[in-house]
Amino acid sequence: MSQTEASKTPKIPDSEPDGAKGKGKQQLETYRVYVVTWNVGSRFPENISLRHLLGLQDVTVDEDVKETNAHMPDIYALGLQEVNAQPQQQVLGLFKEDPWTHKAKELLRKYDYVAVKTEQMQGLLLSMFVRRQHVEHLQDMEAEFTRTGFGGIWGNKGAVSVRFTLYGCGLAFVVAHLAAHDHQLDERIEDYKHILENHHYHVKRYREIYDHDYVFWFGDLNFRLQGSDSSTEVRELLRDESQHEALIQRDQLYQVREKSQKAFQVLQERLPAFPPTFKFREGTSEYDLKRRPAWTDRIMYAVQPLNRQPGMHLSIEQCSYKSHPLYTISDHKPVTSDFTIKLYPNVRAPGVVFSPLSVWKIGDENTVEYRKQAEFDEGPNDWIGIYPAEYASLADYVAYEYVNQAESPTSSDSNHEPDPFETPSHHRRGRHHHRNRQRLRRQQEANSQEQVRLDFADDVELRHGEQYLLIYFRSTGVRGVTSLAGVSGFFVAEKRHGSPHRTEYHVD
């Protein structure tokens, strides 16, 4: 029935090509990506569980997390449409996470995932989660959005995306909500073209969506069925499994992607083997016959096989593609897809290496020491954040210092706080009452590396007895493009004891 991924993407072995053995070639390894799309109809995630939606219904938390999660996804992409975007909710969102991201984060943190980037445009929301072991290798994270509603001036329709580089490969995740109604096929095609023409990134080599090695495009794309059948007639056809293939051949997205190639022709999709995901009576799994049932909610993908290693082709496989009829809070059913992709795990971008820091003396100035690797290019807005050891989001820092501002003895506090999510922050921060002296010292070493010492203020508010770590962010200052350049080991925060006089604390 369906045109499977296997017929479109060559199977490439994981091993090195002939003649490459013993020559230091990078190995391709398999990683898993789990994509979710759901039009939530302005509903909140109260009184529902996301375990089934995120494929966790059969996964238990164990003390040995690495063993338990050995076959879990490396990346989650949660794309939602019609998230409640009323003015009061948008104001509330200035100070706290949206309820959907928060609920997913609190569930996934139990399995050692970190929320690394969220982008929202009115009702469109994309939240990215990555397994903790991969976080420090994220490079050039950037979000983008394109409005298509009312000729491109309103964000009720359009696309938001997040892109990043991981282990030498560029990945782009695009969630879209296109024009509605059966007769608006041409508008949906124009929406697609408008997104491509206006969606631009600020990362060398990956300027456009299809410049990436892997692209995942998903959302409520609103494509309907061709033909003049009534809603009742379509429902009756759906009850006859032998009619399923005939119906899917009439799907508008299939037609414009495979037949006319007017839109999405670069992307691939295993055709849906699940019932249409729209339109349902809320609270039920019964179709609302005010609209003809249709496969509006879709997940597609693309791969550029030729990357940085000649003879080592990247590849992707769409392992599952299904709807989740148990969720009934909106008139859409969520859709998920599980992929395996190939990446170069030996690729490590130049960065910084923190020196061990065993104890953070609360109430004292503390010195952080790190070495810049020879090829590391420091950005003008680099900063170092202090995080709880079990942080569940890159927005969870409790204090920070800008590297270059600390270098000037006359620098003043910045009104801008670093935020990997590019939204106003709601987390507590360390205050910044710095003395009028240089707080950053540099020392060039013979191996072209540079040793750097950075003083954090004495008013950083950490909890006695709790563990923390440091994360170095390289920020270009251009459209929020941010890379993680280094993560320290754990250290413990301890209160001062004994003398009330200030003591200098030095890192070994």
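Just so we're clear, the structure is a prediction, and the values are computed from it rather than from any experiment.

A.B. asks: Give a description of the overall build of the chain that names residues and reports values.
C.D. replies: When its secondary structure is counted, the chain shows nine helices and 21 strands. Within the chain, counting contacts between residues at least 6 apart in sequence, those at least 24 apart form 71% of the total. Counting only carbon and sulfur atoms, one obtains 47% of the accessible surface of the chain, whose full area is about 22,200 Å².

A.B. asks: Outline the sheet that holds strand β2 (residues 75-81), listing residues and values.
C.D. replies: Remark on secondary structure: sheet strands pair via backbone hydrogen bonds, oriented parallel or antiparallel. Strand order across the open sheet formed by six strands is β3-β4-β2-β1-β11-β10, with mixed pairing between neighbours. Both edges of this open sheet fall to β3 (113-121) and β10 (316-323), since each of them pairs with a single strand only. On average, adjacent strands in this sheet sit at an angle of 15° to one another, irrespective of strand direction. Sheet topology places strand β1 (residues 29-39) next to β2; seven bridges connect them, and they run parallel. Across the sheet, Thr37 pairs through a bridge with Gly79, a residue of β2.

A.B. asks: Which residues make up helix α8 (residues 252-259), and what are the values?
C.D. replies: Counting buried residues along α8, six of its eight residues qualify, which places the element largely inside the surrounding structure. Among the residues of α8, those classed as buried are Gln252, Leu253, Tyr254, Gln255, Val256 and Arg257. Backbone geometry just downstream of α8 places Gln261 in the positive-phi region, at approximately 55°.

A.B. asks: Please provide a residue-by-residue account of the environment of Asp213, values included.
C.D. replies: Residue placement: Asp213 occurs in the loop between α5 (185-198) and β8 (214-220). Relative accessible area serves as the criterion here: at 3%, Asp213 is assigned to the buried category. Each C-alpha atom, one on Asp213 and one on Thr165, is 9.4 Å from the other, the two residues being 48 residues apart in sequence. Beyond its immediate stretch of four places on either side in the chain, Asp213 contacts Gly168, Cys169, Gly170, Arg205, Tyr206, Ala302, Val303, Gln304, Asn307 and Leu314. A distance of 2.7 Å separates a polar atom in the side chain of Asp213 from the backbone nitrogen of Gly170.

A.B. asks: Outline the nonpolar core, listing residues and values.
C.D. replies: In this structure, Phe164, Leu171, Phe173, Phe216 and Leu394 are the most contacted members of the largest nonpolar core, which totals 61 residues. Apart from the residues lying within four places of it in its own chain, the contact partners of Phe164 are Ile75, Met128, Leu138, Gln139, Asp140, Met141, Cys169, Gly170, Leu171 and Phe173.

A.B. asks: With reference to specific residues and values, describe α5.
C.D. replies: An α-helical turn contains 3.6 residues, so any two residues separated by three or four positions project in the same direction. Between its first and last C-alpha atoms α5 spans 20 Å; for 14 residues at 1.5 Å apiece the expected length is 20 Å, and the two agree. Within α5, burial applies to Leu185, Arg188, Ile189, Asp191, Tyr192 and Ile195. Each buried residue of α5 sits inside an arc of 155° when the element is viewed along its axis, so together they form one side. Looking at α5, the residues exposed on the side facing more than 90 degrees away from the buried face are Asp186 and Glu197.

A.B. asks: Before we move on, could you go through the environment of Gly41 and cite the residues and values that matter?
C.D. replies: Within the secondary structure layout, Gly41 lies in the loop between β1 and α1 (65-68). Relative accessible area serves as the criterion here: at 11%, Gly41 is assigned to the buried category. Separated by 290 residues in sequence, Gly41 and Asp331 place their C-alpha atoms 6.9 Å apart. If we skip the residues at most four places from it in the chain, Gly41 touches Gln81, Glu82 and Ser330.

A.B. asks: Report on the packing of aromatic side chains, specifying residues and quantitative values.
C.D. replies: This structure, assessed with the given rule, holds 29 aromatic pairs. Geometrically, the ring pair formed by Tyr400 and Tyr402 is edge-to-face, given 5.9 Å between the ring centres and 85° between the ring planes. Each member of the pair Tyr400 and Tyr402 is classed as buried. Among the aromatic side chains, those forming a connected cluster through ring pairs are Trp383, Tyr387, Tyr391, Tyr397, Tyr400, Tyr402 and Phe473.

A.B. asks: Give a detailed account of a negative patch on the surface, specifying residues and quantitative values.
C.D. replies: Residues Asp186, Glu187, Glu190 and Glu197 make up a contiguous surface patch of negative charge. Looking at the secondary structure, you find Asp186 in helix α5. Overall, Asp186 belongs to the exposed group, its relative accessible area being 53%.

A.B. asks: Give me the lowdown on the sheet that holds strand β18 (residues 450-456), citing residues and values where you can.
C.D. replies: Read across the open sheet, the four strands follow the order β12-β14-β18-β17; overall the sheet is antiparallel. Two strands in the sheet have a free side with no partner beyond their single neighbour: β12 (352-354) and β17 (440-444). Strand-to-strand, the axes of this sheet are offset by a mean angle of 25°, without reference to chain direction. Of the pairings in the sheet, the one linking β17 to β18 comprises five bridges and is antiparallel in character.

A.B. asks: I'd love a proper account of the pattern of salt bridges, names of residues and values included.
C.D. replies: Applying the stated criterion to the full structure yields 26 salt bridges. Here Asp251 and Arg298 are joined by a salt bridge, their closest N and O atoms 2.9 Å apart. Of this pair, Asp251 sits in the loop between α7 (244-249) and α8 while Arg298 sits in strand β9 (residues 297-303), placing them 47 residues apart in sequence. Across the pair, exposure class does not vary: Asp251 and Arg298 are buried alike. Of the charged contacts, one joins Lys361 and Glu494 as a salt bridge, the two residues approaching to 3.7 Å between their closest N and O atoms. Here Lys361, found in strand β13 (residues 359-362), pairs with Glu494, found in strand β21 (residues 491-495); they are 133 residues apart in sequence, far enough to count as distant. Taken together, the salt bridges that share partners define one network made up of Asp182, Arg224, Asp229, Arg250 and Arg292.

Thresholds, definitions, all that
- Here the residue numbers are simple positions, counted from 1 along each chain's written sequence.
- Predicted model: local features are reported for residues with pLDDT of at least 70 only, side-chain atom pairs are reported and counted for 80 or more only, and whole-chain, interface and lining totals are derived from all residues.
- Computation of side-chain values covers all heavy atoms of the structure but excludes hydrogens and water.
- Where helices and strands are cited, they refer to DSSP runs of H or I of at least four residues and of E of at least two residues respectively, numbered from the N terminus.
- By definition in these notes, contact holds between two residues if any of their heavy atoms fall within 4.5 Å.
- Here the Shrake-Rupley method, with its probe set to 1.4 Å, supplies the accessible areas, and only the displayed protein chains count as covering residues.
- Here, strands pair whenever DSSP counts at least two bridges between them.
- Think of each axis as a best-fit line through the C-alpha atoms, taken over the contacting stretch in the case of a helix, with angles from 0 to 180 degrees between the N-to-C directions.
- Accessible area is worked out with a 1.4 Å probe on protein chains only. A residue is then buried under 20% of its type maximum, exposed over 50%, and partly exposed in between.
- Polar contact is the term for a pair of N or O atoms within 3.5 Å; when the atoms are in protein, one must be able to donate a hydrogen and the other to accept it, and sequence-neighboring residues count only if both atoms are side-chain atoms.
- Throughout this description, the term nonpolar core refers to a set of buried Ala, Val, Leu, Ile, Met, Phe, Trp, Tyr and Cys residues connected via side-chain atoms within 4.5 Å.
- The length a helix should cover is 1.5 Å for every residue beyond the first.
- The directions considered for the arc run from the helix axis to the C-beta atoms.
- Within 6.5 Å between ring centres, the rings of Phe, Tyr and Trp (the latter by its six-membered ring) count as paired, and their orientation is classed by plane angle as stacked under 30 degrees, edge-to-face over 60, tilted in between.
- What goes into a patch is any residue over 30% in relative accessible area without a salt bridge, connected to like charges within 9 Å or, for nonpolar side chains (Val, Leu, Ile, Met, Phe, Trp, Tyr), within 5 Å.
- By definition, a salt bridge exists where a carboxyl oxygen of Asp or Glu is found within 4 Å of a side-chain nitrogen of Lys or Arg.
- In this count, Lys and Arg are taken as positive residues and Asp and Glu as negative ones, while His and the chain termini are left out.
- Throughout, a charge is located at the NZ atom of Lys, the CZ atom of Arg, the CG atom of Asp or the CD atom of Glu.

The analysis is restricted to geometry; functional conclusions fall outside its scope.
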